[in-house]
Amino acid sequence: IESEMPPYLPLALGAGELRPIELAEAYSVFMLKGDRVRPYPIVRIVDPEGNVLKKYEPKIFRSVFDPVAAAAMDDLLRGVVTGGTGRVALPVPNARAKTGTTSSHRDVW
């Protein structure tokens, strides 16, 4: 996480603000069982004729988190969607979620 994090206790509950791409990178350690990936919002740039001008590959950082702890956290995040407070009406393959928001719901997604 590169954004400045405020030095107060509610930070542990997600009280700080982050860009979605930073959050995706931070949570990637759970999905990848301890590895972390730096995603790119652009996969490739193509000209009008279909030629690939530039291609972006995600950067993978190996073994940055305990794989056993990552697997346990991944199971918890999956449980939110399959039977917790973030349960979805239709099955979403491989979906994960984190519950919690502000009381005004201004940052729900």
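Notes on the structure in this doc start here. (Residues numbered from 1 in each chain as written. Predicted model: local features only at pLDDT ≥ 70, side-chain atom pairs only at ≥ 80, totals over all residues. Heavy atoms only, no water.)

The next thing to look at is the overall build of the protein chain. Helices and strands together make up the secondary structure of the protein chain, namely two helices and four strands. Beginning at the N terminus, the succession of helices and strands in the protein chain can be written as α-β-β-β-β-α. Over its C-alpha trace the protein chain gives a radius of gyration of 17 Å, far above what one expects of a compact globule, namely 13 Å for 109 residues. Reported as C-alpha extents along the three principal axes, the dimensions of the protein chain are approximately 50 × 35 × 35 Å. Residues counted as buried form 17% of the 109 residues belonging to the protein chain. Excluding contacts between residues fewer than 6 apart, the proportion of contacts in the protein chain whose partners are at least 24 apart in sequence is 32%. For the protein chain, the accessible area works out to roughly 8,500 Å², and carbon and sulfur atoms hold 59% of it. Across the protein chain, the 14 positively charged side chains and the 13 negatively charged ones have centroids separated by 4 Å. (Helix = DSSP H or I, 4+ residues; strand = E, 2+ residues; numbered from the N terminus. Rg over C-alpha atoms; globule rule 2.2 N^0.38 Å. Buried < 20%, exposed > 50% of the residue type's maximum accessible area, 1.4 Å probe, protein only. Contact = heavy atoms within 4.5 Å. Areas by Shrake-Rupley, 256 points an atom, 1.4 Å probe, with all protein chains shown as cover. Lys, Arg positive; Asp, Glu negative; His and termini not counted. Charge placed at Lys NZ, Arg CZ, Asp CG, Glu CD.)

Let us now look at the pairing of strand β3 (residues 52–55). Relative to β3, strand β2 (residues 44–46) runs antiparallel, the two sharing three bridges. Paired with Ile 45 across the bridge in β3 is Lys 54. Hairpin connection, β2 to β3: the antiparallel pair is bridged by five residues, and Gly 50 has positive phi, about 95°. (Pairing = 2+ DSSP bridges.)

Within the structure shown, the criterion is met by three aromatic pairs. Here the aromatic rings of Phe 30 and Phe 65 are separated by 5.9 Å at their centres, their planes lie at 85°, and the arrangement is edge-to-face. With Phe 30 in helix α1 (residues 20–31) and Phe 65 in the loop between β4 (59–61) and α2 (67–82), the pair connects residues that are 35 residues apart, well separated along the chain. By relative accessible area, which is 36% here, Phe 65 ends up partly exposed. (Phe/Tyr/Trp six-rings, centres within 6.5 Å; stacked < 30°, edge-to-face > 60°.)

Our focus in this paragraph is the side chain of Asp 74. Looking at where Asp 74 falls in the secondary structure, it is placed in helix α2. Judged by relative accessible area, Asp 74 falls into the buried class, the value being 5%. Beyond its immediate chain neighbours, meaning those up to four positions away, Asp 74 contacts Phe 30, Met 31, Lys 33 and Arg 96.

With respect to the helices, strands and loops of the structure, Asp 47 is situated in the loop between β2 and β3. Although buried, Asp 47 forms no salt bridge, and the nearest oppositely charged side chain, Arg 44, lies 11 Å from it. Among the polar contacts made by the side chain of Asp 47, one reaches the main-chain amide nitrogen of Asn 51 at a distance of 2.9 Å. (Salt bridge = Lys/Arg side-chain N within 4 Å of Asp/Glu carboxyl O. Polar contact = N/O pair within 3.5 Å; in protein donor to acceptor, adjacent residues only side chain to side chain.)

Further remarks concern the environment of Lys 55. Within the secondary structure, Lys 55 is located in strand β3. Expressed as a C-alpha distance, the spacing of Lys 55 and Arg 44, which sit eleven residues apart in the sequence, is 4.2 Å. Setting aside chain neighbours within four positions, we find Lys 55 in contact with Val 43 and Arg 44.

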